[in-house]
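Listed here are the chains, written in short residue letters.
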Amino acid sequence: MGALALGCARPAPSPVPAPPALRTAFRGVFLVGAALNAAQFSGQDTLGAAIVKAQFNSITPENALKWASVHPRPRTYDFAAGDRYVAFGEQNGMFVVGHNLLWHKQTPRWVFEDSTGTPVSRDTLLARLRDHIHTVVGRYRGRIKGWDVVNEALEDDGTMRRTPWLTILGEDYLATAFRFAHEADPEAELYYNDYELERAPKRRGAVELVRRLQDEGIPIAAVGLQNHDRLDWPSPAQEDSTIDAFARLGVPHTSESNPFGDGLPDSLQQALARRYAELFASYLRHRETVTRVTFWGVTDRDSWLNNWPVRGRTNYPLLFGRDGRPKPAFAAVVRTAPTRERRDD
Ligand code: XIL
């Protein structure tokens, strides 16, 4: 017979538990990351750095490793910021991502031109690309765990984006960039990253592109779904079918999440919270496929959407407000996490 002990003392009222950190809530499900600016990883922004350390287990450099930052002139590499970024990640036990090796933006003009301003030959551009990728990836070999190798190579209609990369090198420039990155660090995960893949024509183009790379034996570890989400787009069904399309190719997906509204009265705070919950529910339905969810920024103060598509327009897309405090959307996201996965840090 079992004994039941009945205590007489009234239990102390249990304090309302603080919500777990994002990285704790989703441990064992997927990594939760943030894109960092220099002030955060160099320590000037102490509030931002503290939120990053408390909440995230993966980081991506917002600008520090882009071509224009790291390789501004033909024979000049500047790794000051990149080194600080990687050190910050290592000190805090983060999964450290590199972003990005080949893009049509934030790439200096000299890359594509000779000293007279004439477009360079295919061989010259290949040599420059090889040198760039070998030098940058090689420097952080074994420390940066995953690289966005090629960024945004597709037009909205799913055809190859008309960039100097395409014009000068031809369509196989993607495979070439992945090969160079693999040579420079055979252990690093290599990703293709693009936005609005929820739109059917672009998604078809991306699926085709990934399939071609796979057919050529290119080790592509994941597709970065750069989600330029809005409050009303994409629908959960579109998100689900997009993730499914890449899951069928056997490539996991990492997500860069960035929903936004146009000003936040309470009704919009709540709408943003519901929207985030709906998106995370979709990611969770695909937890076997989604390996990482990265927010493009930490607090609303740092969001790139304050300057894009309209310079200087205040935006409110992230989980932490300008004061660093969690918004209702933070709790809404944490509530989506499967309870049994929650553990203490
Ligand atoms: C953005 C940065 O957040 C801004 O600071 C910078 O001025 C422009 O680039 N797609 C990408 C990111 O792949 O690199 C971009 O980052 C946002 C869109």
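Everything numeric in this text was worked out from a predicted model, so none of it was measured.

J.: What's the story with the overall build of the chain in this structure? I'm lost.
T.: Helix and strand counts for the chain stand at 12 helices and eight strands. Since a compact globule built from 345 residues should have a radius of gyration of about 20 Å, the 22 Å found for the chain is in line with a globular shape. Across its three principal directions, the C-alpha atoms of the chain cover 90 × 45 × 40 Å. Of all 345 residues assigned to the chain, the portion counted as buried reaches 53%. Look at the contacts in the chain between residues 6 or more apart in sequence, and 78% of them connect residues 24 or more apart. About 15500 Å² of surface is accessible on the chain, with carbon and sulfur atoms providing 51% of the total. Side chains of the chain give 43 positive and 42 negative charges; the mean places of these two sets differ by 4 Å.

J.: Looking at this structure, how should I read the pattern of salt bridges?
T.: When charged atoms on two side chains of opposite charge get close, those side chains can pair. Inspection of the entire model under this criterion finds 16 salt bridges. Of the charged contacts, one joins R285 and D240 as a salt bridge, the two residues approaching to 3.0 Å between their closest N and O atoms. Residue R285 is found in helix α11 (residues 266–285), and its partner D240 is found in helix α10 (residues 236–247); the two are separated by 45 residues along the sequence. Given a relative accessible area of 16%, D240 falls into the buried group. Through salt bridges that share partners, D45, R301 and D302 make up one connected network.

J.: Explain the site of the ligand here, please?
T.: Contacts to the ligand come from E62, N63, K66, H99, W103, Q106, N151, E152, Q226, W296 and W304. For the ligand, an oxygen atom lies 2.9 Å from a polar atom in the side chain of W296. Here the shell around the ligand is composed, by residue class, of three nonpolar, five polar and three charged.

J.: Mind showing me how you'd approach the packing of aromatic side chains here?
T.: To describe a pair of aromatic rings, one takes the distance between the centres and the angle between the planes. Using the criterion set out here, one finds 16 aromatic pairs in the structure. Note on W67 and W165: the rings are 5.8 Å apart at their centroids and 45° apart in plane angle, and the pair reads as tilted. Of the two residues, W67 sits in helix α4 (residues 67–70) while W165 sits in helix α7 (residues 164–169), which places them 98 residues apart along the sequence. When its relative accessible area of 2% is taken as the criterion, W67 is described as buried. On the basis of relative accessible area, W165 is assigned to the buried category, the value being 0%. Ring centres 4.6 Å apart and planes at 15° place the aromatic pair W304 and W308 in the stacked group. Judged by its relative accessible area of 26%, W304 is partly exposed.

J.: Would you mind showing me how to read the confidence of the model for the chain here?
T.: Detailed reading of the predicted coordinates is not advisable wherever pLDDT falls low. Chain-level statistics for the chain give a pLDDT mean of 92 and a share of 92% at 70 or above. Note on residues 1–8: pLDDT is under 50 here. Beyond four places in sequence and across chains, it has zero contacts. Contacts of residues 341–345 to residues separated by more than four positions or lying in other chains number 21 contacts, the stretch itself having pLDDT below 50.

J.: Where do I start with the side chain of E152 in this structure?
T.: Note that E152 resides in the loop between β4 (146–151) and α7. The side chain of E152 is buried and forms no salt bridge, while R161, the nearest opposite charge, is found at 4.7 Å.

J.: Looking at this structure, I do not really get unusual backbone geometry. What am I missing?
T.: Backbone phi values are negative for most residues with the exception of glycine, while trans is the configuration of most peptide bonds. The amide bond that connects W233 to the next residue, P234, takes the cis arrangement and shows omega of -5°. One can find P234 in the loop between β6 (222–227) and α10. Note the cis peptide between W308 and P309, where omega equals 5°. Relative to the helices and strands, P309 resides in the loop between β8 (290–295) and α12 (328–336). Backbone geometry at E152 places phi at a positive 55°, although glycine is not the residue there. One non-glycine residue with positive phi stands out, namely E196, at about 55°. Assignment of secondary structure puts E196 in the loop between β5 (189–195) and α9 (200–215).

J.: Where do I start with the environment of D156 in this structure?
T.: By the secondary structure assignment, D156 is in the loop between β4 and α7. D156 sits 145 residues away from R301 along the chain, and the two C-alpha atoms are 29 Å apart. Ignoring anything within four residues of it in the chain, the contact list for D156 reads Y195, P201 and K202.

J.: Looking at this structure, I do not really get helix α8 (residues 173–184). What am I missing?
T.: An α-helix turns once per 3.6 residues; consequently, residues spaced three or four apart project the same way. With 12 residues, α8 extends 17 Å between its outermost C-alpha atoms, agreeing within 8% with the 16 Å of an ideal straight helix rising 1.5 Å per residue. Of all 12 residues in α8, nine are buried, a share of seventy percent or more. Among all positions of α8, only Y173, L174, A175, T176, A177, F178, F180, A181 and A184 are buried. Buried-residue contacts for α8 involve β3 (95–102), α6 (122–139), β4, α7, β5 and α9.

J.: Any chance you could explain the pairing of strand β7 (residues 253–257) here in plain terms?
T.: For a regular strand, the rule is simple: side chains alternate between the two faces of the sheet. For β7, the buried fraction is high: five of the five residues fall into the buried class. The side-chain alternation of β7 yields two buried faces, one formed by H253, S255 and S257 and the other by T254 and E256. Pairing between β6 and β7: five bridges, direction parallel. Directly across from N227, in β7, lies its bridge partner S257. Regarding topology, α10 serves as the crossover connection from β6 to the parallel β7, and that connection is right-handed. As paired strands, β7 and β8 are joined by five bridges and run parallel to one another. When the sheet's bridge partners are listed, S255 is paired in β8 with V293.

About the criteria used
Residues numbered from 1 in each chain as written. Predicted model: local features only at pLDDT ≥ 70, side-chain atom pairs only at ≥ 80, totals over all residues. Heavy atoms only, no water. Helix = DSSP H or I, 4+ residues; strand = E, 2+ residues; numbered from the N terminus. Rg over C-alpha atoms; globule rule 2.2 N^0.38 Å. Buried < 20%, exposed > 50% of the residue type's maximum accessible area, 1.4 Å probe, protein only. Contact = heavy atoms within 4.5 Å. Areas by Shrake-Rupley, 256 points an atom, 1.4 Å probe, with all protein chains shown as cover. Lys, Arg positive; Asp, Glu negative; His and termini not counted. Charge placed at Lys NZ, Arg CZ, Asp CG, Glu CD. Salt bridge = Lys/Arg side-chain N within 4 Å of Asp/Glu carboxyl O. Near = heavy atom within 4 Å. Polar contact = N/O pair within 3.5 Å; in protein donor to acceptor, adjacent residues only side chain to side chain. Nonpolar A, V, L, I, M, F, W, Y, C, P; charged D, E, K, R; others polar. Phe/Tyr/Trp six-rings, centres within 6.5 Å; stacked < 30°, edge-to-face > 60°. pLDDT = per-residue confidence, 0-100. Expected span 1.5 Å × (residues − 1). Pairing = 2+ DSSP bridges. Right-handed = clockwise from strand over helix to strand, strands pointing away.

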